[in-house]
Amino acid sequence: MREERKKYRGIIFDLDGTLIDTLEDLADSVNEALERMGYPVWPVEDYRFKVGRGFRNLMENSVPENVREDDGIIEQMLGFFVEAYDRRYMDKSRPYDGIDGLLDELAKRGIFLAVNSNKRTDYTEKLVGKLFHRIPFAGVFGERAGVPRKPDPAGALELCVRMGLKPEEVLYVGDSGTDMKTGKNAGMDTVGVGWGFRGFGELRENGAVYLAETVQDILELVSG
C-alpha cells in the first residue's frame, strides 16, 4: 500500500543563505569594521561559517581571538559594522535563483509563508519588504528583544500561531544546522537547502528530514 503523503500547509523560511544571498554585503561590512579597528580582514568565503547566529556573535567570531571576550571592543565593532551595513545591505544581496517563482507558486497554492531569522528585525523586514513585497507573509521575524534566538523555537512557534496551524503542518526551511535544530525543537519537519552558506554535510549532521537541491524539491513536498 502506498504511504500517504504528509500534508504541509505552511512553510517557515530562514532568510540569509535560504531566500537571499546576503554573504558579500555582510562580509564587506564586517571587513570595513575590522579595518577601522586595525584588525585583519577575512575572505568572503570564510563568512559562510560565521554568519547565522546574530550580529554580536558575528563580531565575536570575526575579531582576533585574544579580544573576543572584551565587551567594549565587541560593542565598538558592532557600531562600526551597523554603520557600514546600513549603507550597503542591499548592494549585492539578491534572491537565490528560483526563489521568486517558488514564493509566488506557494502563495498561489494557498500555503502559509513566514520568515524567521537571526538577523536583526529591522534589516530582516527591510530586505523582505524590498525583495518580496508582493508575498503575503504571515510574519517576518528577526532578532528581537525578549525573544531568544534560534535554535530556540519561540519565534517559529509564534509564527505557527499566526498561521493558525499546528507545528506538524509546517515545514521549516533553512541552510544551517541552527535551522535544522530550530525546526526540530519546534516539532516541525525540516528541509535543508543545498544552495546556501553551509552545505549538505552540516544539514545531515543536524537531522534534516528532507534535503533540497533545487526549489522544485520544496514544491514537491507540498504538492498533491
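It should be noted that the structure appears before, not after, this text.
The shown structure was predicted, so the numbers you read here are calculated from the model rather than taken from an experiment. (Residues numbered from 1 in each chain as written. Predicted model: local features only at pLDDT ≥ 70, side-chain atom pairs only at ≥ 80, totals over all residues. Heavy atoms only, no water.)

Caption draft 1: Here's a closer look at the environment of Arg120. In this structure, Arg120 sits in strand 4 (residues 112-120). Judged by relative accessible area, Arg120 falls into the partly exposed class, the value being 28%. Each C-alpha atom of the pair Arg120 and Gly54 lies 7.1 Å from the other, and the pair is 66 residues apart in sequence. What Arg120 contacts, discounting residues up to four positions off in sequence, is Phe55, Val82, Gly142 and Glu143. (Helix = DSSP H or I, 4+ residues; strand = E, 2+ residues; numbered from the N terminus. Buried < 20%, exposed > 50% of the residue type's maximum accessible area, 1.4 Å probe, protein only. Contact = heavy atoms within 4.5 Å.)

Caption draft 2: Representation of the pattern of salt bridges in the model. Under the criterion given, the structure shown has 20 salt bridges. When the shortest N-O distance is used, the salt bridge between Glu158 and Arg144 registers 3.2 Å. Of this pair, Glu158 sits in helix 6 (residues 154-163) while Arg144 sits in the loop between strand 5 (139-143) and helix 6, and the two are 14 residues apart along the sequence. Between Glu202 and Arg198 there is a salt bridge, and its shortest N-O distance comes to 3.2 Å. The partly exposed category is assigned to Glu202, whose relative accessible area is 22%. Relative accessible area serves as the criterion here: at 13%, Arg198 is assigned to the buried category. Salt bridges here are not isolated pairs; linked through shared partners, they connect Arg56, Glu60, Asp71 and Glu75. (Salt bridge = Lys/Arg side-chain N within 4 Å of Asp/Glu carboxyl O.)

Caption draft 3: Broad picture of the packing of helix 1 (residues 23-37) against helix 3 (residues 71-88). At a minimum axis separation of 8 Å, helix 1 and helix 3 run at an interaxial angle of 135°. What the angle tells us is that helix 1 and helix 3 run oblique. Once helix 1 is placed against helix 3, the crossing between them reads as right-handed. Residues Asp25, Leu26, Asp28, Ser29, Val30, Glu32, Ala33, Leu34, Arg36 and Met37 of helix 1 form the contact with helix 3, whose participating residues are Ile73, Gln76, Met77, Phe80, Phe81, Glu83, Ala84, Tyr85, Arg87 and Arg88. In the contact of helix 1 with helix 3, the residues fall into 11 nonpolar, two polar and seven charged. (Axes fitted to C-alpha atoms, helices over the stretch in contact; angles between N-to-C directions. Parallel < 35°, antiparallel > 145°, perpendicular 65-115°, else oblique. Left-handed = near helix turned anticlockwise from the far one by under 90°. Nonpolar A, V, L, I, M, F, W, Y, C, P; charged D, E, K, R; others polar.)

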